[in-house]
Amino acid sequence: MADRTEHLAGMPPPEMTSEGSDGRLVRQVRRSLVLWSGGTTLLILVVLGVALYTAVAGSLASSGMAQLDARMNEIRIGRAGPADVSRFGFIFGGQGSGTYALIVGPAGNVVSGPRIQRPPPGLPDEGGIAAAAISGRDLRTTSLGGTPVRILTETMQVDRLTFTVQVIGDRTAEQQTLGVMLAVLLTGGLIVVLVGFGFGTVYARRALVPIRESLASQRAALSRQREFAADASHELRTPLTVIRSSIDHLIRHRSEPVERVGSALEDIEAEVRQMTSIVEDLLLLARSDSGAMALERVPVDLGDVVVAGASALSKPAAERGVRVEVDAQPAVLVGDPARLRQLVMILVDNAIRHSPAGGRVGVAVRVDAVGLSLFVDDDGPGIRPDDLPHLFERFYRATGAPGGGTGLGLAIAKWIAERHGGRIEVVNRVEGGSRFIARLPATGRSEGSSNGFPV
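Residues numbered from 1 in each chain as written. Predicted model: local features only at pLDDT ≥ 70, side-chain atom pairs only at ≥ 80, totals over all residues. Heavy atoms only, no water.

Asker: Break down the pattern of salt bridges for me, citing the residues and quoting the values.
Answerer: In this structure the tally under the stated criterion is 18 salt bridges. Residue arginine 171 pairs with glutamate 174 through a salt bridge whose shortest N-O separation is 3.8 Å. Each member of the pair arginine 171 and glutamate 174 is classed as buried. Between arginine 429 and glutamate 431 there is a salt bridge whose closest N-O contact spans 3.2 Å. On the accessibility criterion, glutamate 431 (61% relative accessible area) is exposed. (Salt bridge = Lys/Arg side-chain N within 4 Å of Asp/Glu carboxyl O. Buried < 20%, exposed > 50% of the residue type's maximum accessible area, 1.4 Å probe, protein only.)

Asker: Before we move on, could you go through a nonpolar patch on the surface and cite the residues and values that matter?
Answerer: Taken together, the side chains of Ile191, Val195, Phe199 and Tyr203 make up a nonpolar region of the molecular surface, amounting to roughly 420 Å² of accessible area. Topologically, valine 195 is positioned in helix 3 (residues 172-252). The partly exposed category is assigned to valine 195, whose relative accessible area is 42%. (Patch = residues over 30% accessible without salt bridge, like charges linked within 9 Å, V, L, I, M, F, W, Y side chains within 5 Å. Areas by Shrake-Rupley, 256 points an atom, 1.4 Å probe, with all protein chains shown as cover. Helix = DSSP H or I, 4+ residues; strand = E, 2+ residues; numbered from the N terminus.)

Asker: So what about the environment of threonine 164? Which residues, and what values?
Answerer: Take threonine 164: it is sitting in strand 5 (residues 161-170). Residue threonine 164 is classed as buried on the basis of its relative accessible area of 10%. For threonine 164 and isoleucine 103, which are 61 residues apart along the polypeptide, the C-alpha to C-alpha distance reads 5.6 Å.

Asker: Now, about the pairing of strand 4 (residues 147-158): what can you tell me, with residues and values included?
Answerer: Judged by how many residues are buried, strand 4 sits mostly within the fold: nine of twelve residues are covered. The pairing of strand 3 (residues 137-144) with strand 4 spans eight bridges and is classified as antiparallel. When the bridges of strand 4 are listed, arginine 137 appears paired with glutamate 154. A loop of two residues connects strand 3 with strand 4, the two strands running antiparallel in sequence, and glycine 145 in this loop sits at a positive phi of about 60°. Summarising the sheet, strand 4 and strand 5 pair through ten bridges and their orientation is antiparallel. From the neighbouring strand, glutamate 154 faces strand 5, where its bridge partner is valine 165. (Pairing = 2+ DSSP bridges.)

What follows is the structure, given as structure tokens:
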């Protein structure tokens, strides 16, 4: 269409600007989704890892403590004193196996015996002895010669004398277990986080496909809206110009009789009818775009609708010297009778306009296993291949198209067909002219046909 609004020089078109903004928005959303996915996975792993590490460390500590208590109970039950040191030193087997016990006498000396000649370096633990002297019991973890240990210290009364017993447990295996578990948690957690980020990226892309499609459809709708407004303005400009010119003529000849200025009134009437038709079509398309147009859904025989619609156009056909031949099988579908009649009249009126004087317009309805089809043929020059892809676009007028149309009729026909679950197409006939075909789903099938129309 002519008179389209051009963009300012050096300024990108709104579609490009919108597309770039939408692309940035999609990338930001995708990045946020990936970060949220990976961050959530990392947080869950950290919480689970800390909980697991704490639980295992507590379990190992409880096990080590139980081992020390078992050895201490064994010594307590035996009432070990200076004369009985057989229960001290290293022990193997039993609940207290793997522990080392020693006794400190009232004078602070380590009691010796057959199995204990000299305690290992760093023993006894003086801090544990001092704490046990106050509270009677002390438990602490420390290191002896680089070896992690747990030391339990208790005081005991033997023959009215206070002795201090220390039981030492090696924590090397416990520390190694915790170290291995920590390494597994860190390595496994890192792998899981990386996999989580990878899956998050994949799913974010998939999740954003509908958003990208929605943004693309919104851009397309906005573009169509701009074109629609520009085309509507262009189409309305011509009748408004004619009306203004006619009114100026009437004003200049306001004192003359109506008979002398009647042509101006006729022009105004014709252009008002044209504008009314354009506005009604625009209103229909606008309501269809907004989803506010509801169709009636009742059983209707398309054959009856075709006969009635074609009959209504018999007068304009006769004025052009075109004959309309109807061959319609009974064909039942669920739809809106008024819109289906409008579909028929749009296609038949278009065929009449493109047929030469003495030409023929053939209208037929056929039913098959797939559905039902409405055929409208004309004897016109046919449609140029360049025009075929654009024929159902709004306001599209092919080169050499007859006057009087609005460029909206075929777009409305396409909308009606699609709203009824069908489609519309156009082909050039081998024998000349064009054929419009509206294919609709049928809800019932009836037999019987005349043979006046070759399909």
